[in-house]
Structure formats: C-alpha cells, structure tokens
Amino acid sequence: MTEVLQIEKQAGVGHIIIDSPPVNALGYAVRKGLDDGMDALLADDTVKAIIIRCDGRTFFAGADISEFGKPVRKPDLHGVLAKIEFSAKPVIAALHGTALGGGMELALHCHYRVAADTAAMGLPEVHLGLLPGAAGTQRLPRIVGARKALDMMALGAPVRADEALSLGLVDEVIATDDLVASAQRFAETVIAKAAPLPDIRTRQDKVEADRADPEIFSAFRARHARRFKGFKAPENIIKAVEAAISLPYAQGVEREAELFVELLESKESEAQRHVFFAERATSKIPGLDKSVQPMPVATTGVLGAGTMGRGITLALSAAGYPVTIVDSNAEALDRTMGIIRKTCEGAVAKGRMSPEKAEAQIARITPATDAKAFADCDLVIEAVFEDMDLKTSIFSTLDTIVKPGALLASNTSFLDLDKIAAATKRPQDVIGLHFFSPANIMPLLEIVRGDKTSDAALVTALGLAKRLRKTPVVSGVCDGFIANRAMAPRMAEADRLILEGISPADIDRVCLNYGFPMGPFQMIDLVGLDVIGRNANEKTVRSELVRMGRLGQKQKGGYYDYPAASAPTPSPEAAAVIAEIAAEAGLSQADLDDDGLLMRLLSPVVNEGARILEEGMALRASDIDIALIKGYNWPIYKGGPMLWADQVGLGRIIDTLNAMAADRGPAFTPSPLLVRLQAEGGRLSEQ
Ligand code: 3HC
Ligand code: NAI
C-alpha cells in the first residue's frame, strides 16, 4: 500500500481509506492511492462492493491547486474517475467534512453517495477562476437541473448534507459518528439488491426539461452581471452548463475540457490561485516560535468614538467581545451609540441578524467618558485624532490606567508606532491595529509590529484578526504602513494627471475598467475632500475645492457635481479650478491612451510595493497584494499589484517609471529590486 492508502475488508465490502493531511487534496499521491486501491479491490473476488472514504478532517477538498500549471503525473484524475465509474462492482462514496471541487466530482463518479450529517459538498472552482473540470459541469445539471447547477458552480457556495439529500446529490444522510458503520450497512444492502448500477451520464429528465427553457441562461447572466464583472470563470461555467443541456454527455465533457483549459491558462485564474495561497500565507510569520502563547483577551476597550472607533466597536462586539468605548466628548459618544444601535437594527431589518442577537451585541457595549473605565480591559484600541502629541499623551495615560499584561493598540494610519510605544513603560505590549473604514466591514487588519513589540503581542493580534474574521497583514513601522503607503502613489499620480489635462472622469473610468469599484476622484468625493487632504498648506486643486466649500458628495459636490436624483456629472466649477492650477503649474499636456494612463497610475504603486519589500516592511510580496485587495478593493482577478506587475511584465513597469523619472526626478526611479528581478527573469510576486 502507498503511504496515503489503507484498505480494509469486511463482509464482502472493501474500504479504500485515504489519509493525506491537511485536506486530502487529489494530488499525485492521493490519485495513485485511489488507483492502487481500486485495482486491488477490483481484482479481489471476495470483494463485492467498494467504499471510498477519507481519514482526517475532510473528504477530498478537490484537486491539488499547487499542481495546476505543472505537468500532470499519471494517474490523472480523469483516469482514476473512469476506473471508479466503470467498475463492475458498486462504488459508494462516504463523505464527511467538505467534499469540494474534484472531491465532489469524485463522489459524483461513484454509483452511490452517503454523507455524514455535518458534511457539505460543493464545486467552488469559480473562486479559483476555474470550472469543475472533472465532468462536474455535465453531471451536476443532470441531477439537480441547470438552475441549481448554475447557482452551485457559478456562485460557488456549498450545500449542507440535508440539502444535498433533498437535491438527490446523496442517497443517505447519516449521523457523523456512525458514518463508517452505516456506509458498510448501505454497501451490504446494495450487494443484496444486486440492482443495475445507477449511471448519471445517461440521465436525461432534468436536461430535457431545461432544454425547453432557454431563458435560464440569459436570466442568470443578467441577474449576476455586476457580481461577475471582470471574472472569466462564471461565463465559462454558464457555457459548460449550456453544453450539458444541449449536447450528448461525451461531447459535453469535451466542451468542458476546452473551457477548463481556457481558464487554467487565463491571467484571471492565475491571479485567483495566487490570492488563494496568499491569503493563507499572511499569518505565517517567519521566525515566530510556535510555542509563543497569546495574551488572554476577554474584555476590550476602544478610545475615540469617531468614525473608526465606532466601526471597531461594532467589529469587536459582533465577535462577542465586551467593549468599553470611551470618548472625552459626550456628544460624540451619544451620536456613536445611536449609530451603532441603528446599524444593528438595520442588520435585523435586512434579516442578517435576529433581534435577540442585535440586543445582545448592543448590551456588550459600555459607553464612558473617562479612560479610567479601561482599567480592567485586556486590550485597548486607540482611535483618536491623527496627532502625534495627542497619541503620545494618551498612551502615557493609558499606561498608568490599564492593568499590566494588557495589549495597548493604536489605529494610527501614518504615525510612528515606535514613538507612540515609547510613551509607555511597556513598549513590548504596544502594537498597531490598523483597521480600514468601515472597520466593521472591511476585511483587512494591518498589524503593525514596532521595534519592541513582543512576539506574544503579535500572536495575540493574529488571534484577534481570526476572531474578527479579518485577514491580518503584518507591517513594519513606516509612513502609511503597507496598504496606504503602496496606494498613495496612485492618488498622487491622479492629482498630477489632471494638471496634465486628463479629466478626473477619464482617470476614474480607466480605474473602473481595470476593476476597481471606484476611481480615485469618486472615492475622494465619497470620503470627503477635507478628510483626504493631507497637504492642507499647499495650494492644490483639492485645497481650492475645500476652500470653496466643495467637500464632495456631502457638501456642494467635489470633483463631480451631484445633481439631485441623478448620477454624478463632470463639474464645470471643478474643471475651472483644475484649469487655473494647471496654468500656474505650466506642465506639458499628456497624450495618453487608456493603457498609457493605467501604466502611469499603477507603475508607481508597484515601485512603492517593491520598496516596501526591500525595506523589509512587508514579510512577502503577496502580503502587499492581499493588503491592497482587502483594504483597497484591488480586483481579485488581477491578483494585486505585485502579481499584476509580473503579468504585464516588469520591463513595461520599469520603462514607464524610467520615463517618469527622466521627466520628474529620482522619486520615480525603478527600485533596485525591480531592476534586479527583470534582469534575472525573476517574479516580483514570489519575493
Ligand atoms: N489543494 C492544495 N492545497 C489545499 C487545497 C487544495 N485543493 N485546499 C486546501 N489546501 C491547503 C491550504 O493551502 C492550507 O495549506 P497551509 O496549511 O499550508 O496554509 C491547508 O490546505 C489548509 O487549508 P485552510 O487553511 O483553507 O483550511 P480550512 O480548514 O480553513 O478550510 C477547506 C478547508 C474548506 C477545504 C479550504 O481549504 C478550501 O476551500 N480549499 C479549496 C477547495 C477548492 O477550491 N477545491 C477545488 C479545487 S480545484 C478542482 O478541484 C478542479 C477540479 O474540478 C478538476
Ligand atoms: P474621528 O475624528 O472621526 O474621531 C476621533 C474621535 O476621537 C472623536 O470622537 C474625538 O472626540 C475623540 N477624541 C479625541 N481626543 C480624545 C481624547 N483625548 N480622549 C478621548 N477621545 C478623544 O477620527 P477617525 O476618522 O475615526 O480616525 C481615528 C484614528 O483612526 C486616526 O488615527 C486615523 O488616522 C485612524 N484611521 C482613520 C481611518 C479613516 O478612514 N477615517 C482609517 C484608518 C485609520
């Protein structure tokens, strides 16, 4: 037997048991184990039926994603599945955990399926920019019909065992503890009945009914057009299901293979697979000893009841933490408590939360106007105005109030965490917890590790991120940390381009077409020009607009006008301001197509990312990608700026930067890391 394979036999039933941690992905060793197991049991005359099951936490979680793009070692998945399907002996899949992707497809090649009541099954390939490529797109519609198959494959959500039973995806649902014994009984019954083996490929009832209703596909496309924008996989999945209902099975499978290969070779899928592994890498900290224990966090405090304090309080209380929220301004505190209540009530109205849960969440929050209320908190997160003197004075006060052994965190966006920590006598217990607005919704949590931050503090922050269901990205101390620092050059370039005669609307359009949900000027108008303007002393387009009271959507419009009840329109007033400042600046006017514009906007982001890496501020390039995907909605199907740079070619990025540097100086000089990687043919995203 191979390392991953065990075979057991009982009363004429042979069990193939695969154990390949962590998730029994169908890589080479597992395929070989299955193939060998099938050969052994098919050749064994005492065996009349075969059960395939897994040890460990789950049934097969799908193909081994790390093998994609590499040469396939035989036996391939199709070969193994054919051996199962064409077995003269009945094969029964016994599912527990999550049967996903190729794992569910394997189950659909078995003649019967039994599932633990806690199991789930699904075809989530769409999240990797792929489609189910082991006949899943042809089998699923034959069992559940095209509508449900589209939902399951193009939206990628799994179904639980009870739903799988009602859909006909499994034949029996069994108490989890009893899975093996019940599967055995099920197999013995199958042997006793000796009925012809069920064959999904010849089932026609569902596909014939769907053939009579061609609207299914156009309606599905229309319903999800926004969600699918920019992604390649959903459309190929729809086409594969169209093939399932219009073509004979064998031709449908061929069509599926074409559509699968197209996706496998696509930039979008490369990006989504990069993101899959990148997301899981962010909490792996090189050099961090596994034995380091987190500091206990049972009670929390938030200082500052403004925009961020409110969002952080919502996030903490939603995750079950009791929160003491303190603001010296009683009015601000009242306002925030009112908004928190409204937010929870809104969630109830939308059916996202029960009224009881909402009340319990609100009851976990205690407002106070004196920081002494933090005395017993295990974690205090400061979110007052972005002002170094204020923050240092607050941290030295917190140091005297909050019990020893508690974690003190700052939500600062740009300030030097080491200086803040130095205001206390416990800099080892000070860390940055940089949330993104709205903090209760945005999935990124930047964890800023100061010079003196202890490993225990870091581990505590990583645990907090997990409990808040946020993705942590660890950053060193630098101006703007990772996400804000890497994104700042796009804004700076957008500001420059409008002085070179490109309209805000054109810049926003190019960013939208790239896949950002909003362009930089739309974003400023939404957030407020007064909030974003950091160089308030200089005369800039932004400062002029602020001076005129054009603060964005909230007041008089900003870069755009907002006529009541209609979409934003280009603003003649803003255009006049831009023209005036541009005339004073006297810059030559740009002559750029959309692609040239995009390169100008994003190449400096890549360069800043490379510098962040060179300075050791990020642990790895993919952390920068995740920070911008989760913090700035960088489109997932572009994989973040580091992967995108590899895809467009480092040479093009460097050429763009060199041209900018020739014109505007060394701030744009390509980083040595970029230059070295290009010379060596290396990949930025793999640093
Ligand atoms: N291939 C390779 N590695 C995988 C994997 C897969 N299919 N699924 C998970 N892993 C790895 C993860 O990278 C992680 O590795 P690490 O410990 O080194 O970081 C480890 O397994 C554990 O994964 P998670 O941290 O995600 O563990 P969870 O318990 O939170 O989740 C899971 C388990 C629900 C199975 C989740 O890992 C998951 O959703 N996996 C992907 C499932 C999937 O997309 N399957 C389809 C694959 S494509 C396919 O099958 C094509 C076919 O149609 C031909
Ligand atoms: P805000 O202005 O909305 O709120 C700040 C709150 O702090 C006010 O309610 C104020 O009354 C209170 N406050 C000020 N001094 C205080 C004191 N001494 N004691 C108690 N309360 C005091 O500010 P916002 O936007 O919430 O920002 C807070 C922090 O979060 C800043 O450091 C900011 O850089 C950072 N941040 C802001 C983001 C944003 O998008 N607004 C995003 C990420 C971080």
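Thresholds applied
- Within each chain, residue numbers correspond to sequence positions counted from 1 in written order.
- Ligands are numbered from 1 and chains lettered from A, in the order in which they are written.
- Given that the model is predicted, a residue must reach a pLDDT of at least 70 before its local features are reported, and side-chain atom pairs must reach 80 or more before they are shown or counted; all residues, however, enter totals for whole chains, interfaces and linings.
- Water and hydrogen atoms play no part in the side-chain values, which are based on all heavy atoms of the structure.
- Only Phe, Tyr and Trp rings take part, Trp by its six-membered ring, and two of them pair if their centres are within 6.5 Å. Stacked means planes under 30 degrees apart, edge-to-face means over 60, and tilted covers everything else.
- Labels follow the DSSP assignment, with helices taken as runs of H or I lasting at least four residues and strands as runs of E lasting at least two, numbered in each case from the N terminus.
- Think of it in three bands: residues with accessible area under 20% of the maximum for their type are buried, residues over 50% are exposed, and the middle band is partly exposed, with areas taken using a 1.4 Å probe on protein chains only.
- Sitting over a ring, as applied to charges here, requires NZ of Lys or CZ of Arg to be within 6 Å of the ring centre and within 35 degrees of the ring normal.
- With the strands aimed away from the viewer, a crossover counts as right-handed if its path from the first strand over the helix to the second runs clockwise.
- We call two strands paired when DSSP finds no fewer than two bridges between them.
- For the domains described, the bounds stem from an automatic or database domain assignment.
- Between N-to-C directions, angles span 0 to 180 degrees; the directions come from axes that are lines fitted to C-alpha atoms, helices contributing only their stretch in contact.
- Note on terminology: angles under 35 degrees are roughly parallel, angles over 145 are roughly antiparallel, angles of 65 to 115 are roughly perpendicular, and the others are oblique.
- Two helices cross in a left-handed way if the nearer one is turned anticlockwise from the farther one by less than a right angle. They cross in a right-handed way if the turn is clockwise.
- Here, residues are in contact when the closest pair of their heavy atoms is within 4.5 Å.
- Each residue is assigned to one of three groups, with Ala, Val, Leu, Ile, Met, Phe, Trp, Tyr, Cys and Pro labelled nonpolar, Asp, Glu, Lys and Arg labelled charged, and all others, Gly among them, labelled polar.
- What counts as a salt bridge is simple: a side-chain nitrogen of Lys or Arg found within 4 Å of a carboxyl oxygen of Asp or Glu.
- Summary of the distance rule: residues count as near a molecule or strand when at least one heavy atom falls within 4 Å of that molecule or strand.
- Here a polar contact means two N or O atoms within 3.5 Å. Within protein one must be a hydrogen donor candidate and the other an acceptor candidate, and residues neighboring in sequence count only if both atoms are side-chain atoms.
- Per-residue and other accessible areas were derived by the Shrake-Rupley procedure at a 1.4 Å probe size, with only the shown protein chains allowed to occlude residues.

A.B. asks: For this particular structure, what's the right way to read the packing of aromatic side chains?
C.D. replies: Where two aromatic rings form a pair, the distance of their centres and the angle of their planes describe that pair. Taken as a whole and assessed by the stated rule, the structure comprises 12 aromatic pairs. Seen in terms of ring centroids, Phe516 and Trp634 are 5.0 Å apart; in terms of plane orientation they differ by 75°. Their pairing is edge-to-face. Taken together, the positions of Phe516 in the loop between helix H21 (504–514) and helix H22 (520–527) and Trp634 in the loop between helix H27 (621–632) and helix H28 (640–648) put the pair 118 residues apart, joining distant regions of the chain. Taken individually, Phe516 and Trp634 each receive the classification buried, so the pair is uniform in this respect. In textbook terms, an aromatic cluster arises when at least three aromatic residues are bridged by ring pairs, as seen for Tyr514, Phe516, Trp634 and Trp644. Taking NZ or CZ as reference, Arg280 lies 3.7 Å from the ring centre of Phe276, over its face. In this structure, Arg467 is placed above the aromatic ring of Tyr321, and the distance from its NZ or CZ to the ring centre is 3.8 Å.

A.B. asks: Explain the pairing of strand E14 (residues 407–410) to me, please; I cannot follow it from the model alone.
C.D. replies: Of the two faces of E14, the one holding Leu407 and Ala409 and the one holding Leu408 and Ser410 are both buried throughout. In this fold, strand E13 (residues 379–382) hands off to helix H17 (residues 388–401), which returns the chain to E14; that crossover is right-handed. When E14 meets strand E15 (residues 430–435), the two strands line up parallel, connected through three bridges. Bridge pairing in E15 links Ala409 to Ile431. Note that the unit made of E14, helix H18 (residues 417–422) and E15 has a crossover that is right-handed.

A.B. asks: Just to check I follow, could you spell out the domain arrangement of the protein chain for this structure?
C.D. replies: One frequent convention defines the size of an interface as the accessible area lost when the parts assemble. The domain architecture assigned to the protein chain consists of domain 1 (5–264), domain 2 (300–479) and domain 3 (501–585). Taken over C-alpha atoms, the centre of domain 2 sits 31 Å from the centre of domain 3.

A.B. asks: Can you help me understand the packing of helix H1 (residues 28–42) against helix H2 (residues 77–85) in this one?
C.D. replies: A pair of packed helices can be characterised by two numbers: the angle between their axes and the separation between those axes. In contact at an axis separation of 10 Å, H1 and H2 are set at 25° when each is read in the N-to-C sense. One element, H1, and the other, H2, form an angle in the roughly parallel class. As H1 runs across H2, the sense of the crossing is left-handed. Note on element contacts: H2 touches H1 through Leu77, Val80, Lys83 and Ile84, opposite Arg31, Leu34, Asp35, Met38, Asp39 and Leu42.

A.B. asks: Just checking my understanding: could you explain the packing of H28 against helix H29 (residues 650–664) for this structure?
C.D. replies: Remark: H28 packs on H29, axes separated minimally by 5 Å, with the N-to-C direction vectors making an angle of 100°. Compared by their axis directions, H28 and H29 come out roughly perpendicular. Contacts between H28 and H29 pair Trp644, Ala645, Asp646 and Val648 from the former with Leu650, Arg652 and Ile653 from the latter. Taken together, the residues of the contact of H28 with H29 sort by class into five nonpolar, no polar and two charged.

A.B. asks: Can you walk me through the pattern of salt bridges in this structure?
C.D. replies: Side chains that carry opposite charge are capable of pairing whenever their charged atoms lie near each other. Using the criterion set out here, one finds 47 salt bridges in the structure. Between Arg147 and Asp213 there is a salt bridge whose closest N-O contact spans 2.6 Å. Of this pair, Arg147 sits in helix H5 (residues 146–155) while Asp213 sits in the loop between helix H8 (205–211) and helix H9 (215–223), placing them 66 residues apart in sequence. Residue classification places Asp213 among the partly exposed residues on the basis of a relative accessible area of 23%. A salt bridge links Arg221 to Glu242; the nearest nitrogen and oxygen atoms lie 3.3 Å apart. Remark: Glu242 occurs in helix H11 (residues 233–246) and Arg221 occurs in helix H9; sequence separation between them is 21 residues. Judged by its relative accessible area of 25%, Arg221 falls in the partly exposed class. Its relative accessible area of 26% is what places Glu242 among the partly exposed residues. It is possible to trace a salt-bridge network through shared partners that takes in Glu493, Arg496, Glu500, Arg600 and Arg664.

A.B. asks: Explain the site of ligand 2 to me, please; I cannot follow it from the model alone.
C.D. replies: Taken together, 23 residues are adjacent to ligand 2, and Met308, Asp327, Glu386, Lys391 and Ser413 come closest. Within the side chain of Asp327, one N or O atom sits 2.6 Å away from an oxygen atom of ligand 2. For ligand 2, an oxygen atom lies 2.5 Å from a polar atom in the side chain of Lys391. At the level of elements, helix H14 (307–318), H17 and E15 are the ones that each hand at least two residues to the shell around ligand 2. Tallied by class, residues from the shell around ligand 2 come to 10 nonpolar, 10 polar and three charged.

A.B. asks: What's the story with the site of ligand 1 in this structure? I'm lost.
C.D. replies: Residues in contact with ligand 1 amount to 24 residues; listed here are only the nearest, Arg57, Glu105, Glu125, Arg280 and Lys284. Interatomic distance of 2.8 Å between a backbone N/O atom of Gly102 and an oxygen atom of ligand 1. Take Arg280: an N or O atom from its side chain is 2.7 Å from an oxygen atom of ligand 1. Surface burial for ligand 1 is 72%, taken as the share of its 980 Å² of free accessible area covered by protein chains. Looking at the shell around ligand 1 residue by residue, the class counts come to 14 nonpolar, four polar and six charged.

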